[in-house]
Amino acid sequence: MNETPAYTEFHPRWYRPRVSTYWWLWRWPYLKFIIRELSSLSVVSFVVMALLQLSALRRGPQAYAEFQELVKHPFLIALAAVSLFFVVFHAITWFNLTPSAMPVRVKGKRLPDFLVAAPNYVVWLVLSGAVAWVVLGG
Amino acid sequence: MADTIALEVTRYCPERDAEPSFQTFEAPLRKDWVVLDALNYIKDKVDGSLSFRWSCRMGICGSCGMMVNGEPKLTCATFLSNYAPGPIRVQPLQYFPVVRDLVIEMTDFLNKLKAVKPWIVRREEKPLSAGEYLQTPEQMDAYKQYSMCINCMLCYAACPVYGLEKHFKGPAVLALAQRYNKDSRDQGAGERTDLLSQEDGIWDCTFVGECTKVCPKNVDPAGAIQQYKLTATIEWFQSLLMPWGAK
Amino acid sequence: MPKRSNEPLLWSLFSAGGVVAAFLIPVHLFLFGVAFPLGWLPDPGYQRLLALVRHPLTRIYLFVLCSLPLFHWAHRFRYTLYDGLQIKHLNELIFTFCYGGAMAGTAAAGYLLWTIR
Ligand code: SF4
Ligand code: FES
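Counting of residues starts from 1 at the beginning of each chain's written sequence and follows it residue by residue. All chains are assigned letters beginning at A, and all ligands numbers beginning at 1, according to the order in which they are written. Note on the predicted model: pLDDT of at least 70 is required for a residue's local features to be given, and 80 or more for side-chain atom pairs to be given and counted; whole-chain, interface and lining totals, by contrast, use all residues. Derived side-chain values reflect all non-hydrogen atoms in the structure, with water molecules and hydrogen atoms excluded from consideration.

Chemist: Kindly report on the interface of chain C and chain B, identifying the contributing residues and their values.
Modeler: We call two residues in contact when some of their heavy atoms are within 4.5 Å. Of the residues lining the interface, 14 residues belong to chain C; the matching set on chain B comes to 16 residues. Of the roughly 1500 Å² buried between chain C and chain B, counting both surfaces, carbon and sulfur atoms make up 61%. Summed over the three residues of chain C that lose the most area to chain B, namely Pro8, Trp11 and Asp83 of chain C, the buried surface amounts to 36% of that side. When a carboxyl oxygen of Asp or Glu lies within 4 Å of a side-chain nitrogen of Lys or Arg, that pair is called a salt bridge. The interface formed by chain C and chain B includes zero salt bridges. Pairs of N or O atoms within 3.5 Å make up the polar contacts considered here, provided that, within protein, one atom can donate a hydrogen while the other can accept it, and that residues adjacent in sequence are counted only when both atoms are side-chain atoms. Counting across the chain C and chain B interface gives one residue pair in polar contact (both at pLDDT 80 or more). Helical segments are the DSSP runs of H or I of at least four residues, strand segments are the runs of E of at least two, and each set is numbered from the N terminus. Of all the elements in the fold, those that place two or more residues in the side of chain C that touches chain B are helix H1 (7-35) and helix H3 (56-84) of chain C. Take the side of chain C that touches chain B: its biggest share by element is five residues, from H1 of chain C. The residue inventory of the side of chain C that touches chain B, partitioned by class, reads six nonpolar, three polar and five charged. By buried area we mean how much accessible surface two parts lose on assembly, using a 1.4 Å probe and totalling the loss over both. The nonpolar class holds Ala, Val, Leu, Ile, Met, Phe, Trp, Tyr, Cys and Pro. Asp, Glu, Lys and Arg form the charged class, and all remaining residues, Gly among them, are polar.

Given below as structure tokens:
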């Protein structure tokens, strides 16, 4: 090396680490983040099944009976169970992040986060109950 | 409790090394010592060539941020005893270029900060004789949290999007833009919106949320960004429905 | 350079879809994906479901339930591909795939719900 290292504007001697493609594997919070984002795949699988169900309904009783048999396949039940897990994960993370995205202020003071998140869970229960009630025939 | 603790410290000498390596030092493990004390001990007693930044050693200047065991931390507020028996890994803040040892390069951050006009913008200044700009406690509360930022850049080292997307303005800059947007004395929100509502402003953020967790001052940059997304979206729809009403 | 971004539109679809997915999809998945096929609960059957779906309110409900969550997926999946795999250079392709998929799904839902008699 020569005596006086001359730095250019581009400072070629700075060390610039490259971010690994698997950056999300190394830290639990990052992994949780990726799982949260990938829960959207379960959302898609649900919508696809719902569309198939609708199309079976549309084609008549015969087609619908076939659909009912199809979803009893262990693979599809397993898929639904796994999707359920991810969608619930999505719901919980979504509800818990609401207070930071939409803080509620009462008389200029910010409400504590759990007070903002809690109503979500109540609404969740009520809506789920309502859907189940309608589907199961009141 | 053992009386010393090992620190694996990043060494990088730009004139000599192609890439950083670790050097292990032993430092006294004292109950009241923080990681910064151990680094200063090493510099004073063992190897004077170790380079790192610090100043206030009380969590105010924001210059002593480093990765401690992979987490961005203010080293003046991170006790050695929490990591006993060690070893403790001390690295420069990640996602920034490294100048030497534990010293990172922050020009990018400073340029981005300046770009969002982190000061009170007035269309017209009141004459001095008109007195000060008054503010109620509620109005101050709207931005106070964001004004606590000490520019330590821990949130940048926690943000994978900043690491991947070098144009991204990043957590603290966006939170500081909000700090002025929410200030009742400020009138610069419109100018800032043009900048922030571009892709490399708020929209690159995917709400990983780690910036908020590592922030030593409870600034909550993640919350600030999501709230700003909501504001920007409402404004977008307004300008769509009422193009003539635009600012 | 300051090109007007249409991100606000995509983001509001993403958020609305996220809300719908969080509140409603779990119960649907539980009932139709797990409880009925396993016989934990009595399957309402063809007649009852058809009667339900014939009601205009149910149709609107189902349309929302299918389409918004797809846009939620499109947004998240796009960014996960960008950041998680660092393939932002395939930007256009990913974008078309994600939003094209969401739009195709929405169209399918609309068609099915419109034509069920
Ligand atoms: S927002 Fe918090 S973590 Fe980020 S620079 Fe400011 S004080 Fe540091
Ligand atoms: S030395 Fe000032 S914040 Fe740590």
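Here the narrative resumes, following the displayed structure.
Chemist: So, the nonpolar core: which residues are in play, and what are the values?
Modeler: For the purposes of this section, nonpolar cores are sets of buried Ala, Val, Leu, Ile, Met, Phe, Trp, Tyr and Cys residues that join through side-chain atoms within 4.5 Å. Relative accessible area decides the class of each residue, using a 1.4 Å probe on protein chains only: under 20% of the type maximum gives buried, over 50% gives exposed, and in between gives partly exposed. Membership of the largest hydrophobic core comes to 131 residues, with the highest contact counts inside it found for Leu57 of chain A together with Leu7, Leu39, Val90 and Tyr156 of chain B. Of the residues forming this core, the biggest block, 14 residues, is contributed by H1 of chain C. Where each domain begins and ends is defined by an automated method or by a domain database. Here this core spans two domains, since at least three of its residues come from each of domain 1 (4-104) and domain 2 (107-245) of chain B. The residues contacting Tyr156 of chain B, other than those within four sequence positions of it, are Tyr95, Phe96, Phe109, Tyr162, Lys169, Gly170, Pro171, Ala172 and Val173 of chain B. If you look at the next biggest cluster of nonpolar residues, it comprises five residues, including Tyr146, Ala175, Cys215 and Val219 of chain B.

Chemist: Break down the pairing of strand E5 (residues 88-91) of chain B for me, with residues and values.
Modeler: Walk down a regular strand and you will see the side chains alternate between the two sheet faces. All names here are of chain B. Only one face of E5 is covered, namely the one carrying Ile88 and Val90; the face carrying Arg89 and Gln91 has none of its residues buried. Two strands are said to pair when DSSP picks up at least two bridges between them. Examined bridge by bridge, strand E1 (residues 4-11) and E5 share three bridges and lie parallel to one another. Bridged to Val9 within E5 is Val90.

Chemist: An account of helix H2 (residues 107-115) of chain B is needed here, citing residue identities and associated values.
Modeler: All names here are of chain B. Residues of H2 that are buried include every one of Phe109, Lys112 and Leu113, and no others. Down the axis, H2 shows its buried residues gathered within 105° of arc, on one side only. Packing partners of the buried residues in H2 comprise helix H4 (154-158), helix H5 (160-164) and helix H6 (171-181). Note on H2: the residue one or two positions beyond its end, Lys117, has a positive phi of about 55°. An arc is given here, and it is the one of the directions from the helix axis to the C-beta atoms.

Chemist: Explain the packing of aromatic side chains to me, using residue names and the numbers behind them.
Modeler: What counts as a ring pair is set by centres within 6.5 Å for rings of Phe, Tyr and Trp (its six-membered ring), and what kind of pair is set by the plane angle: stacked under 30 degrees, edge-to-face over 60, tilted for all other angles. This model, assessed by the stated rule, comprises 26 aromatic pairs over all chains. Centroid distance Tyr15 of chain A to Tyr12 of chain B: 5.7 Å. Interplanar angle 50°. Geometry classified as tilted. In this pair, Tyr15 of chain A is assigned in the segment before helix H1 (28-59) and Tyr12 of chain B in the loop between E1 and strand E2 (21-28), connecting two distinct chains. Classification of Tyr15 of chain A by relative accessible area gives partly exposed; the value is 23%. Think of it as a cone above the ring: NZ of Lys or CZ of Arg counts as a charge over the ring if it is within 6 Å of the ring centre and within 35 degrees of the ring normal. Across from the ring centre of Tyr30 of chain A, 4.9 Å away, lies the NZ or CZ of Arg27 of chain A, which sits over that ring. Positioned above the aromatic ring of Phe22 of chain B is the side chain of Arg89 of chain B, whose terminal nitrogen or guanidinium carbon lies 3.9 Å from the ring centre.

Chemist: Describe in detail the packing of helix H2 (residues 61-70) of chain A against helix H2 (residues 45-54) of chain C, supporting the description with residues and values.
Modeler: Every axis in this analysis is a line fitted to C-alpha atoms, fitted for helices over the stretch in contact. Angles between the N-to-C directions lie between 0 and 180 degrees. Where H2 of chain A meets H2 of chain C, the closest approach of the two axes is 10 Å, and the angle between their N-to-C directions is 110°. Between H2 of chain A and H2 of chain C, the angle falls in the class roughly perpendicular. Along the contact surface, H2 of chain A presents Pro61, Tyr64 and Gln68 of chain A, while H2 of chain C presents Gly45, Tyr46 and Leu49 of chain C. Here the residues of the contact of H2 of chain A with H2 of chain C are counted per class, giving four nonpolar, two polar and no charged. Our angle categories are set so that under 35 degrees counts as roughly parallel, over 145 as roughly antiparallel, 65 to 115 as roughly perpendicular, and the remainder as oblique.

Chemist: Just give me the short version of the sheet that holds strand E4 (residues 71-74) of chain B, but keep the residues and values in it.
Modeler: Residues and elements named next belong to chain B. Pairing is mixed across the open sheet formed by five strands, whose spatial order is E2-E1-E5-E3-E4. Edge strands, defined here as strands with exactly one partner in the open sheet, are E2 and E4. Strand after strand, the sheet turns through a mean of 35° between neighbouring axes, direction not considered. Sheet topology note: the E1/E2 ladder contains eight bridges and is antiparallel. Note that in E2 the partner of Val9 across the bridge is Gln23. Lying over the sheet, helix H1 (residues 35-46) contacts E1, E2, strand E3 (65-68) and E5, oriented at roughly 95° with respect to E2.

Chemist: Outline the site of ligand 1, listing residues and values.
Modeler: Close contacts around ligand 1 come from Cys149, Ile150, Asn151, Cys152, Met153, Leu154, Cys155, Ala172, Cys215, Pro216, Val219 and Pro221 of chain B, and that covers them all. Classifying every residue of the shell around ligand 1 gives eleven nonpolar, one polar and no charged. Nearness here has a simple test: a residue counts as near a molecule or strand if at least one of its heavy atoms is within 4 Å of that partner.

Chemist: Got a sec to walk through the environment of Pro44 of chain C? Specific residues and values, please.
Modeler: Of note, Pro44 of chain C is situated in the loop between H1 and H2. For Pro44 of chain C and Phe32 of chain C, which are twelve residues apart along the polypeptide, the C-alpha to C-alpha distance reads 10.0 Å. Setting aside anything within four residues of it in sequence, one finds Pro44 of chain C in contact with Val135 of chain A together with Phe36 and Leu49 of chain C.

Chemist: Describe the pattern of salt bridges, naming the residues involved and giving the relevant values.
Modeler: Summed over the entire model, instances satisfying the criterion amount to 18 salt bridges over all chains. The partner of Glu69 of chain A in a salt bridge is Lys72 of chain A, and the shortest N-O contact between them spans 3.6 Å. The exposure class of Glu69 of chain A is exposed, given its relative accessible area of 51%. Taking relative accessible area as the criterion, Lys72 of chain A reaches 39% and is therefore assigned partly exposed. Measuring nitrogen to oxygen at the nearest pair gives 3.5 Å for the salt bridge that ties Asp17 of chain B to Arg16 of chain B.

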